[in-house]
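# Working through the structure, step by step
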Amino acid sequence: MKRNKIISIFLISAFFGSIMFTACNNGNDKSKGKDTTAIDSSKLKPKFVLPKGDRQYDDLARLMAGLKAEEGSKFAALQETPKLKAHEHAFDTLWSKSEVIKYSDKMKDWRKAELGDDKNDTTTLFYPFSGPDFLNAFTFFPYAKKYVMLALEPAGTIPDFSKVPADTLSGYFNMLKNSLNSILNLSFFQTIAMSHDFKNQVINGTIPVLFTFIVRTGNKINDVKPVMIDSTGAIVPAEYVAVVKNISKNYGVQIDFKNPDNDYLQTVYYFSCDLSNDGFNKDKGLKTFLNSLGNVKAYLKAASCLMFHDFFSQIRDIMIAHTDLLLEDDSGIPYKYFDKKIWDIKLYGDYVRPIPLFADDYQKDLRQAYINDSASIKKLDFGIGYNYVKGKSNMMVARKKAAK
């Protein structure tokens, strides 16, 4: 009965030089009044040049996210219409009133203090059971060179608004805003809702939300490609698939974007896949791909306590083997799986009990750790995860110790 209950929960809730100047004066009168500074070109730091992409993706993302059109956008005229102006206003209101956005500065301050703010650290960020939650991934890990995000929901297709009458777009945008309500106000996607929000004929996957979060966090989309993980574990080109009936095929999307705060291109990979043991057993390519990522940083939030159970042991083992730093809430990998000889653990906030849906997954040892270290545990000045109310949330940072 317990396995059936967990499977039910899974089906319901489981759905990244200095310039050296050498002054020289050759004594030639012709050089007087002229800048004769010599530049050692070998010491010049090359200026980042955005690779040639297709601006239509960034323009489209700004349209969907309710951001003003930039000069040259083919949507500029459309975005001056009353209905699109209303969409911009509605989206700005949704964004400004969001509980998550309200806490975003405090979350960034916490990240700088507890995780660091090294812009040269481009370690891959691995985020399983993510849904399209780029927002929190980017908040805590803004400099990852790659974001590898995995969940059940299909990536879907890129909407073609040229085939949609302008006066019907408001319905699409309303559905997009509705799909963002839980993540913006509760800090997580409600996965029952995701089954409806990302598997319909209007919004058939996660791409619109990924687009929205990427540009709303100040980034510029450079290129977008449909991709999949093949049987050898390699990322290869694919065709867009609206709804994936066989999720073991691992269809997804690659989104390259530029963060104005750094000088390199970053990439989000989102794949629709089954991370259960059954899923891995049916698809060796997925497991090969994950093992090929090398040492990563990882993030787990609102992960439905799936890795508490034996039928998600393989993804749990992969994460423990390949993660150097893990940020998670109490729904991720249980506390008991972290060998204190291998991991340094820091706890934050408070842990009393999980929400009622996961009452059977109460961690007595984690609660005892909070009691034992209560004097030294730092509080969280924001809400996040299933217990999203400020003062009731918790997070754990696990760092793998250096090998001796």
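Residues numbered from 1 in each chain as written. Predicted model: local features only at pLDDT ≥ 70, side-chain atom pairs only at ≥ 80, totals over all residues. Heavy atoms only, no water.

### Structural notes on the environment of valine 397
To keep it simple, the criterion reads: Runs of E in the DSSP output that reach at least two residues are strands. Runs of H or I that reach at least four are helices, and both are numbered from the N terminus. Whether two residues touch is decided by their heavy atoms; if any such pair falls within 4.5 Å, the residues are in contact.
Residue placement: valine 397 occurs in strand β12 (residues 394-400). Measuring from C-alpha to C-alpha, the distance between valine 397 and tyrosine 348 comes to 8.2 Å, with 49 residues separating the pair along the chain. With near-sequence residues (within four places) excluded, valine 397 lies in contact with Trp110, Leu115, Leu325, Leu326, Leu327, Asp344, Ile345, Lys346 and Tyr348.

### Comments concerning the pattern of salt bridges
What counts is decided by this rule: One side-chain nitrogen of Lys or Arg within 4 Å of one carboxyl oxygen of Asp or Glu is enough to make a salt bridge.
Per the counting criterion, the structure on display carries 18 salt bridges. Salt bridges linked by common partners bring Asp58, Arg62, Glu70 and Lys220 together as one network.

### So, the packing of helix α2 (residues 56-64) against helix α8 (residues 207-216)
For any two helices packed against each other, one specifies the crossing angle of their axes together with the interaxial distance. Going by this rule: Geometry is summarised by axes, namely lines fitted to C-alpha atoms with helices restricted to the contacting stretch, and by angles between N-to-C directions that run from 0 to 180 degrees. Roughly parallel means an angle under 35 degrees; roughly antiparallel, over 145; roughly perpendicular, 65 to 115; everything else is oblique. Polarity classes work like this: nonpolar for Ala, Val, Leu, Ile, Met, Phe, Trp, Tyr, Cys and Pro, charged for Asp, Glu, Lys and Arg, and polar for all others, with Gly in that last group.
Where α2 meets α8, the closest approach of the two axes is 8 Å, and the angle between their N-to-C directions is 90°. The orientation of α2 with respect to α8, classified from their angle, is roughly perpendicular. Residues Tyr57, Asp58, Leu60, Ala61, Arg62 and Met64 of α2 form the contact with α8, whose participating residues are Pro208, Phe211, Thr212 and Val215. Here the residues of the contact of α2 with α8 sort into seven nonpolar, one polar and two charged.

### Let's talk about empty space enclosed by the protein
Applied cut-off: Residues are said to line a cavity or pocket when one of their atoms sits within 4 Å of a point; the points come from a 1 Å grid over protein atoms alone, cavities being sets where a 1.4 Å probe fits but cannot get out and pockets being open sets with protein on both sides within 12 Å along at least five of seven lines. Grid points are joined across faces, edges and corners, and a volume is the space filled by probe spheres set on the points.
Considered as a void within the structure, the second largest cavity measures approximately 80 Å³ in volume. Lining the second largest cavity are Cys305, Asp329, Asp330, Ser331, Pro354, Ile355, Ile384, Gly385, Tyr386, Asn387, Ser393 and Asn394. The residue makeup of the lining of the second largest cavity, split by class, is five nonpolar, five polar and two charged.

### Some thoughts on the pairing of strand β5 (residues 220-229)
Basically, it comes down to this: Burial status follows relative accessibility: with a 1.4 Å probe on protein chains alone, a residue under 20% of its type maximum counts as buried, one over 50% as exposed, and anything between as partly exposed. Whether two strands pair depends on DSSP finding at least two bridges between them.
With respect to burial, β5 is a largely interior element, eight of its 10 residues being buried. Across eight bridges, β5 lies against strand β7 (residues 251-258) in antiparallel orientation. When the bridges of β7 are listed, valine 227 appears paired with glycine 252. Bridge analysis of β5 against strand β6 (residues 235-237) gives three bridges, and the strand direction is antiparallel. Looking at β6, one finds that isoleucine 229 is bridged to isoleucine 235. The turn joining β5 and β6, which pair antiparallel and follow one another in sequence, is formed by five residues; a positive phi near 90° is taken by glycine 233.

### Here we look at helix α10 (residues 284-291)
The condition that has to hold: The arc in question is formed by the directions pointing from the helix axis toward the C-beta atoms.
Considered for burial, the residues of α10 that qualify are Gly285, Leu286, Phe289 and Leu290. Seen along its axis, α10 keeps its buried residues to an arc of 135°; they face one direction.

### Regarding the packing of aromatic side chains
The cut-off we apply is this: Pairs were defined over the aromatic rings of Phe, Tyr and Trp, the Trp ring being its six-membered one, requiring ring centres within 6.5 Å. Orientation was assigned from the angle between planes: stacked under 30 degrees, edge-to-face over 60, tilted for the rest. Placement of a charge over a ring requires the Lys NZ or Arg CZ to be within 6 Å of the ring centre, with the centre-to-atom vector within 35 degrees of the ring normal.
The full count for this structure, using the stated rule, is 22 aromatic pairs. Chaining the aromatic ring pairs together yields one cluster made of Trp110, Tyr127, Phe140, Phe141, Tyr299, Tyr348 and Phe382. In this structure, arginine 316 is placed above the aromatic ring of tyrosine 337, and the distance from its NZ or CZ to the ring centre is 4.0 Å. Over the ring of tyrosine 335 we find lysine 340; its NZ or CZ atom is 4.2 Å from the centre of that ring.

### As for the nonpolar core
Rule in force here: We call a set of buried Ala, Val, Leu, Ile, Met, Phe, Trp, Tyr and Cys residues a nonpolar core when their side-chain atoms join them within 4.5 Å.
Membership of the largest hydrophobic core comes to 64 residues, with the highest contact counts inside it found for Trp110, Phe140, Tyr147 and Phe211. The element best represented in this core is α8, accounting for seven residues. In terms of nonpolar packing, the next biggest core, distinct from the first, is built from 39 residues, Cys273, Phe280, Met307 and Tyr351 among them.

### Brief notes about the sheet that holds strand β10 (residues 323-328)
Whenever strands of a sheet pair, they do so through backbone hydrogen bonds, lying parallel or antiparallel. Taken in spatial order, the 10 strands make up an open sheet running β6-β5-β7-β8-β4-β3-β9-β10-β12-β11, and their pairing is mixed. Either end of the sheet is taken by a strand with one partner, and the two such strands are β6 and β11 (343-349). On average, each strand axis in the sheet is inclined to that of its neighbour by 25°, with strand direction left out of account. Relative to β12, β10 runs antiparallel, the two sharing four bridges. Within the sheet, the bridge partner assigned to leucine 325 lies in β12 and is arginine 399. Lying on the sheet, α8 is in contact with β4 (146-151), β5, β7 and β8 (265-272); it crosses β7 at an angle near 15°.

### Considering the side chain of serine 331
Defined as follows: Polar contact is the term for a pair of N or O atoms within 3.5 Å; when the atoms are in protein, one must be able to donate a hydrogen and the other to accept it, and sequence-neighboring residues count only if both atoms are side-chain atoms.
Considering the arrangement of structural elements, one finds serine 331 in the loop between β10 and β11. One polar contact links serine 331 to aspartate 329, side chain to side chain, over a distance of 2.6 Å. If sequence neighbours within four positions are ignored, serine 331 has contacts with Lys301, Ala302, Ala303, Ser304, Cys305, Leu306, Phe308 and Tyr386.

### What to know about the packing of α10 against helix α11 (residues 313-322)
Our working definition: Handedness of a helix crossing follows the sense of rotation of the near helix relative to the far helix, less than a right angle counterclockwise being left-handed and clockwise being right-handed.
Direction vectors running N to C along α10 and α11 enclose 20°, while the axes themselves pass 10 Å from each other. The orientation of α10 with respect to α11, classified from their angle, is roughly parallel. The two elements α10 and α11 meet at a crossing, and its hand is right-handed. On α11, the residues that touch Lys287, Leu290 and Asn291 of α10 are Gln314, Ile315, Ile318 and His322. Tallied by class, the residues present in the contact of α10 with α11 amount to three nonpolar, three polar and one charged.

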